[in-house]
Amino acid sequence: MPAFQAEVRIERAIASVAAQTLTAWELVIVDDASTDRTRTIVQDLARCDERIKLFEMKENSGPAKARSHGCQVARGRYITTLDSDDIYISPRKLEAELAIVQAEEAKGNTVVAFSKHLHVRSTDRIKLDKSFFRRPKSGNLLWEILTRSTVIPRDMLLSRDLYEAVGGFDSKILMYEDWDLKIRLAARAAFIYSGVRGTGYFREEQSRKNVSQSLSMRSFGEHRSWLGHVFRKNIHLLETTKQKSAAETLERRMFAMDSISLSQDGMDLDPAEILGENIIFLISMPRSGSTMTQRLIMSHPDIASASEPWLLFAPAFADKSVGWMPYNTHIAANALEDVVEHLPGKREAYLRCLRECYSRIYAMLRGADKKYFLDKTPRYHLILDEIAELFPRARFVCVHRHPFAVLNSMLEEIEFDETRLPHWRADLLTGMKNLHAFQPGASRKISLRYEDILADTKGEMKRVFQFLKLDPERADVENALAKRQQAWKLGDQKTAWSTKTVQSSRADAWRASLEENSLLAELAPGYLDYLGQKLVNDCGYDFEAARNHAEMTATLDRFDELINSTDAVFEMTKASQSPMVAVAARLANMLGPQVYLPAKKFYRKFKGRN
């Protein structure tokens, strides 16, 4: 019995098992990380009846994994199921089904026994619908169950040997995993109806309108994708060519949208892959050790990567209004919003199309022999929420570095030329704040500190691999930096690719620079004040210690002045009264710091000309 947030109905479900005429049973309840009173209720009942066993999942993993875990730890020779919000209606349910299975076993047959399931209203009254009057079919039901052309049995009873022979629940399937199991069972065994009323299946009373809204909230596209995936996965189980041909025709009619382009390159992505199950995003501020971290993570043979893909900026920024780029994003975002509103599935349909496109690209980059593709693009910190929405099953590795170390590395990169500082404007002003605010859930995000990676490289990488559910022992972390990858155009080419070992001395290199470099000393205190004490401390750094170290001689105003300044452009006009230079200065004044570098090139090109 899988259970999640089941405090309202689980006690009734357990009571219906206890009321069975068959008394030789063990009830394995797997709590899927509930936060309500589910565990307390089960623990109280287990103290009164030793046949009730409670097992707890460390994190919410979904019903397929919960059911699979329950079947693994159960000790009985026969297995059946019951959801925590359903009940057994007839007290003879288990007795009748077990008698059928054992009788057929005596004849040398392997069968699955099932009873009628009925819909129960929220008022506990049985609903008199078609399932109440219809007698379920018995026999070879593979075609009927695969095509859903009959009432699909629920909570069947079968031998553990049969369950294990077909592979049990497929924990990779997030929806309709029970249907998938029944299809595989039907390919191996006949289904025999017991003649009794079995499970009472609770269904909340909803109007058609509310049902439609509910499906939309759960993502109709996700339902459709999983249905199509399970159907396609099991077509090969059909015995005759005629049946297979009919099933393929049915699949094209029912799931055409889901199968679009999925087989043209020989790759059949399941819905979990489309939702980002095999994608890792390595996010950090620039100059925070992400290239080194990327190479360390790549030491695991199940992980592929490539430079800095920057793949998702175009689709993510398409509906992100941030001002002027080469085009006005305010207008572009409004235009896209209008287009999305005209799609049949609105935003969910739009995201689904993007998922299918980009998950395919990631899958090709990953290759057939790897489990994950690692996308290391530091500036994804600008679109974290958009990526999380686009790939709701993707994982994120976030790397933090001491704010002063980041600032020092950026200044080294621009050779301490303060006129080039606006190049890092978006990163300095929003990077750490975006990383701090991003909270997709503990199961999807792990945070590292650059300093901890340098101090305990193997230990921190072990944390990452365990987070990804990979065997850390298979990774060659010690030799990761010594292995030269293929030539990449992006990433830290100066230090990360030239060093062969992790250099722990780099952790505190900023301290010497703070004493030696006047520009860093001038900027650091203002940057610290800008970030604020809570953010700095939350990221694992001591705000007060950093404040004391910097001696706080500068102000936030000075930091703001330098990071947002276009004064350097205006200074050029003093050296030359060229009309072209004046135009460049006026443009910079009107359009802001982001045009500083083009304006500088503009000035150099026309310097000395009229």
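Throughout this description, residue numbers start from 1 for each chain and increase along the sequence as written. Reporting of local features is limited, given that this is a predicted model, to residues whose pLDDT is at least 70; pairs of side-chain atoms are given and counted only at 80 or more, and all residues count toward the totals for whole chains, interfaces and linings. Heavy atoms throughout the structure, all of them, feed into the side-chain values; hydrogens and water do not.

## Examining the side chain of Ser305
Part 1: What counts as a helix is a DSSP run of H or I of at least four residues, what counts as a strand is a run of E of at least two, and both are numbered from the N terminus. Note that Ser305 resides in strand 10 (residues 303-305).
Part 2: Exposure classes here rest on a 1.4 Å probe applied to the protein chains alone. A residue is buried below 20% of its type maximum, exposed above 50%, and partly exposed in between. What makes Ser305 buried here is its relative accessible area of 14%.
Part 3: Counted as a polar contact is a pair of N or O atoms within 3.5 Å, where, for protein atoms, one must be capable of donating a hydrogen and the other of accepting one, and residues adjacent in sequence contribute only when both atoms are in side chains. At a separation of 2.8 Å, a polar atom in the side chain of Ser305 contacts the side chain of Gln294.
Part 4: For Ser305, the side chain forms a polar contact with the main-chain oxygen of Leu374, separated by 2.8 Å.

## Examining the packing of aromatic side chains
Centre-to-centre distance and the angle between the planes together describe a pair of aromatic rings.
Part 1: Here is the rule: rings of Phe, Tyr and Trp (six-membered ring for Trp) pair when centre to centre is within 6.5 Å. Planes less than 30 degrees apart are stacked, more than 60 are edge-to-face, and the remainder are tilted. Under the defined criterion, the tally for this structure stands at 11 aromatic pairs.
Part 2: Note on Phe114 and Tyr193: the rings are 5.8 Å apart at their centroids and 40 degrees apart in plane angle, and the pair reads as tilted. Placement of Phe114 in strand 6 (residues 111-120) and of Tyr193 in strand 8 (residues 190-202) is noted, with a sequence separation of 79 residues between them. The residues Phe114 and Tyr193 share a single accessibility class, namely buried.
Part 3: Measuring from ring centre to ring centre gives 5.7 Å for Tyr362 and Phe373, while their planes differ by 40 degrees; the resulting arrangement is tilted. In this pair, Tyr362 is assigned in helix 16 (residues 346-366) and Phe373 in strand 11 (residues 372-376), connecting sequence segments 11 residues apart.

## Things to note about unusual backbone geometry
Part 1: The backbone of Gln5 shows a phi angle near 50 degrees, a positive value even though the residue is not glycine.
Part 2: Following the sequence through the fold, Gln5 ends up in the loop between strand 1 (2-3) and helix 1 (10-18).
Part 3: Although it is not a glycine, Lys469 adopts a positive phi angle of roughly 60 degrees.
Part 4: Counting through the fold element by element, Lys469 comes out in the loop between helix 21 (457-467) and helix 22 (509-516).
Part 5: In this structure Lys469 comes out as partly exposed when scored by relative accessible area, which is 48%.

## Some remarks on the packing of helix 19 (residues 425-437) against helix 23 (residues 518-531)
Part 1: Here, axes are lines fitted to C-alpha atoms. For helices the fit covers the stretch in contact, and angles between N-to-C directions go from 0 to 180 degrees. Packing of helix 19 against helix 23 brings their axes to within 10 Å, and their N-to-C directions diverge by 45 degrees. Classed by the angle they form, the pair helix 19 and helix 23 counts as oblique. By crossing handedness, the relation of helix 19 to helix 23 is classed as right-handed. Along the contact surface, helix 19 presents Leu428, Leu429, Met432 and Lys433, while helix 23 presents Tyr527, Tyr530 and Leu531. Here the word oblique covers every angle except those under 35 degrees (roughly parallel), over 145 (roughly antiparallel) and from 65 to 115 (roughly perpendicular). Whether a crossing is left-handed or right-handed is set by the direction in which the near helix is turned from the far one by less than a right angle, anticlockwise for left-handed and clockwise for right-handed. We call two residues contacting when some pair of their heavy atoms lies within 4.5 Å.

## Re the packing of helix 18 (residues 403-413) against helix 23
Part 1: Here helix 18 crosses helix 23 at 135 degrees, and the two axes come no closer than 10 Å. Here helix 18 lies oblique to helix 23, going by the angle between them. Relative to helix 23, helix 18 is oriented so that their crossing is right-handed. Of the residues in helix 23, those in contact with Pro403, Phe404, Leu407, Asn408 and Leu411 of helix 18 are Leu519, Leu520, Leu523, Ala524, Tyr527, Leu528 and Leu531.
Part 2: Classes in brief: Ala, Val, Leu, Ile, Met, Phe, Trp, Tyr, Cys and Pro nonpolar; Asp, Glu, Lys and Arg charged; the others, Gly included, polar. Classifying every residue of the contact of helix 18 with helix 23 gives 11 nonpolar, 1 polar and no charged.

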